[in-house]
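Commentary on secondary and tertiary structure
The lines below spell out each chain.
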Amino acid sequence: GLLSERYLGAAAPSPSDQYEGGSSLQMYSMTASRFGPWVLVQELLETMADIAKAHPGASVANVAQRYVLQCSPAVGGIIVGVRNSKHIAENVRTFSFELS
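Presented here is an overview of the structure given in this document. Residues take numbers from 1 onward in each chain, read along the sequence in its written order. Two thresholds apply to this predicted model, a pLDDT of at least 70 for residue-level local features and 80 or more for giving and counting side-chain atom pairs, whereas whole-chain, interface and lining totals are computed over all residues. To obtain the side-chain values, all non-hydrogen atoms of the structure were included, while hydrogens and water were left out.

1. Some thoughts on the overall build of the protein chain
Put simply, DSSP marks the helices as runs of H or I at least four residues long and the strands as runs of E at least two long, and each gets a number from the N terminus on. When its secondary structure is counted, the protein chain shows 4 helices and 0 strands. In sequence order, the protein chain lays out its α and β elements as α-α-α-α. For 100 residues, the compact-globule estimate of 2.2 N^0.38 gives 13 Å, and the C-alpha radius of gyration of the protein chain, at 14 Å, lies within 12% of that figure. A principal-axis box enclosing the C-alpha atoms of the protein chain has dimensions of 35 × 30 × 25 Å. The burial tally for the protein chain puts 31% of its 100 residues in the buried class. Long-range pairs, those at least 24 residues apart, make up 60% of the contacts in the protein chain with a sequence separation of at least 6. Values of accessible area rely on a 1.4 Å probe in the Shrake-Rupley scheme; residue burial ignores everything except the protein chains shown. About 6700 Å² of surface is accessible on the protein chain, with carbon and sulfur atoms providing 59% of the total. Both charge centroids of the protein chain, one from 7 positive and one from 8 negative side chains, sit 7 Å from each other. We take the radius of gyration over the C-alpha atoms and set the globule estimate at 2.2 Å times the residue count to the 0.38 power. Only protein chains enter the accessibility calculation, which uses a 1.4 Å probe. A residue is then buried if its area is under 20% of the maximum for its type, exposed if over 50%, and partly exposed in between. Whether two residues are in contact is decided by their heavy atoms: any pair within 4.5 Å suffices. In this charge count, Lys and Arg are treated as positive and Asp and Glu as negative; neither His nor the chain ends contribute. To locate a charge, take atom NZ for lysine, CZ for arginine, CG for aspartate or CD for glutamate.

2. Some details on a nonpolar patch on the surface
Each patch is built from residues that are more than 30% exposed by relative accessible area and take part in no salt bridge. Like charges join if they lie within 9 Å; nonpolar side chains (Val, Leu, Ile, Met, Phe, Trp, Tyr) join within 5 Å. The salt bridge definition used is simple: a Lys or Arg side-chain nitrogen within 4 Å of an Asp or Glu carboxyl oxygen. A surface patch of nonpolar side chains, about 430 Å² in accessible area, is lined by V75, I78, V80, V82, I88 and V92. Within the secondary structure, V82 is located in the loop between helix 3 (60–71) and helix 4 (85–92). Residue classification places V82 among the partly exposed positions, given a relative accessible area of 40%.

If you want it as structure tokens, here you go:
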């Protein structure tokens, strides 16, 4: 998703990027545009990257997942996409730290 290091410091996905990236990238881009301009998305990613650096091994995606799990009492779980074993290991790291 967009809440990852992949998009940190990157230009906003263009319409052709969104088309080539499929329905997921289109959905992520629409959600980001409702959040605000791309510069605001970049500020969020930078803040999340700083938080991740404070937790060895954590990624921006881990910070996003941890925030939802820890700071949203009505949320009992999250659904994450996993394409390979690397993704499984990364998602497990979400439970290796707590936000302060």
